[in-house]
Structures are given as structure tokens and as C-alpha cells.
Amino acid sequence: MAWIAPVNEMLTDPPGRAVILPCGGCAAKGSYTYGGETYACPDCQGRGQALWRACPACGDVAFDKRGQMYVCAAGCGYRWGEDHPAWLAQHWPGEAKPNAA
Ligand SMILES: [Zn+2]
Ligand SMILES: [Zn+2]
């Protein structure tokens, strides 16, 4: 049995259900050194953290995109579109929303 959260219980303030994790590209340092030069990490724009967008219902980051819809196939089975308010909320607080993954 999958439990589907009603929309009004979903998180619609940034970052919503998005998961913030240490960046794997730079080992959470935000930069890397190459040839004696230090560069901001392109994966996280120097934050040292990466934001993973997640299923608006259950927070599972392992969703699929099928056509215009996203499907939480391995998780709760929820389906949502790019205009879902709890999906649009998944970005860094204070910044414009990123392009859809
Ligand atoms: Zn990084
Ligand atoms: Zn889900």
C-alpha cells in the first residue's frame, strides 16, 4: 500500500522536499585545485552542497521522468507535472527556480 500525501500537506516553501547533500564533485569543499589553480566546483557552484529535487509526496529522489510527467516509480507511485507547487518550491531558498532536472 502506498500512502499518498494530499497536496495541502506538501512542502511548498523552498527548498520543499528537495534534499540538500554534500557535493560529491568536490568532496563538499566547494572548489578544487588543478594545476596549481583553484576553481569553483561546477557541480555545486562553489556551495559545497548539492540540491536534489525529490518526489513532492514522499521525498524520494529516485523519480523517473516520463514525457511531461514525473513518476515516483520506485517510491510511492505519485505522479506530478512541472507546474506542481511542491515541485516548483524545490530550489535554493532566495534563488530563482532551476530548470527542470
Ligand atoms: Zn561541488
Ligand atoms: Zn514518492
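Anything mentioned here points back to the structure above.
These numbers were taken from a predicted model, which means no experiment stands behind them. (Residues numbered from 1 in each chain as written. Chains lettered and ligands numbered in written order. Predicted model: local features only at pLDDT ≥ 70, side-chain atom pairs only at ≥ 80, totals over all residues.)

## What about the overall build of the chain?
Moving on, step 1. What the chain contains, in helices and strands, is 1 helix and 7 strands.
Moving on, step 2. Every one of the 101 residues in the chain was classed for burial, and the buried ones make up 22%.
Moving on, step 3. Contacts in the chain between residues far apart in sequence, at least 24 positions, make up 46% of those at least 6 positions apart. (Helix = DSSP H or I, 4+ residues; strand = E, 2+ residues; numbered from the N terminus. Buried ≥ 20, exposed ≤ 12 C-beta atoms within 10 Å, placed from the backbone. Contact = placed C-beta atoms within 7 Å.)

## Comments concerning the pairing of strand β2 (residues 31-34)
When a strand is regular, its side chains alternate between the sheet's two faces.
Moving on, step 1. Bridge count for β2 against strand β3 (residues 37-40) is 4 bridges, and the pairing is antiparallel. Opposite Y32, over in β3, you have Y39 as the bridge partner. (Pairing = 2+ DSSP bridges.)

## Notes on unusual backbone geometry
Moving on, step 1. Residue P15 is reached from P14 by a cis peptide bond, and omega for that bond is 0°.
Moving on, step 2. Residue position: P15 is located in the segment before β1 (19-22).
Moving on, step 3. The backbone of A27 sits at a positive phi, close to 55°, despite the residue not being glycine.
Moving on, step 4. Mapped onto the elements, A27 comes out in the loop between β1 and β2.
Moving on, step 5. The class of A27 is exposed, set by 11 C-beta atoms lying within 10 Å.
Moving on, step 6. You will see that A28, though not glycine, has its phi angle at about 70°, which is positive.
Moving on, step 7. Locating A28 in the fold gives a position in the loop between β1 and β2.

## With respect to the sheet that holds strand β5 (residues 64-66)
As a general point, the strands of a sheet are linked pairwise by backbone hydrogen bonds and lie either parallel or antiparallel.
Moving on, step 1. What the 3 strands build is an open sheet, ordered β5-β6-β7; its pairing is antiparallel. What marks the edges here is a single partner per strand, and that holds for β5 and β7 (79-81). Neighbour-to-neighbour, the strand axes of this sheet turn through a mean angle of 35°, independent of strand direction.
Moving on, step 2. The pairing of strand β6 (residues 69-71) with β7 spans 3 bridges and is classified as antiparallel. (Axes fitted to C-alpha atoms, helices over the stretch in contact; angles between N-to-C directions.)

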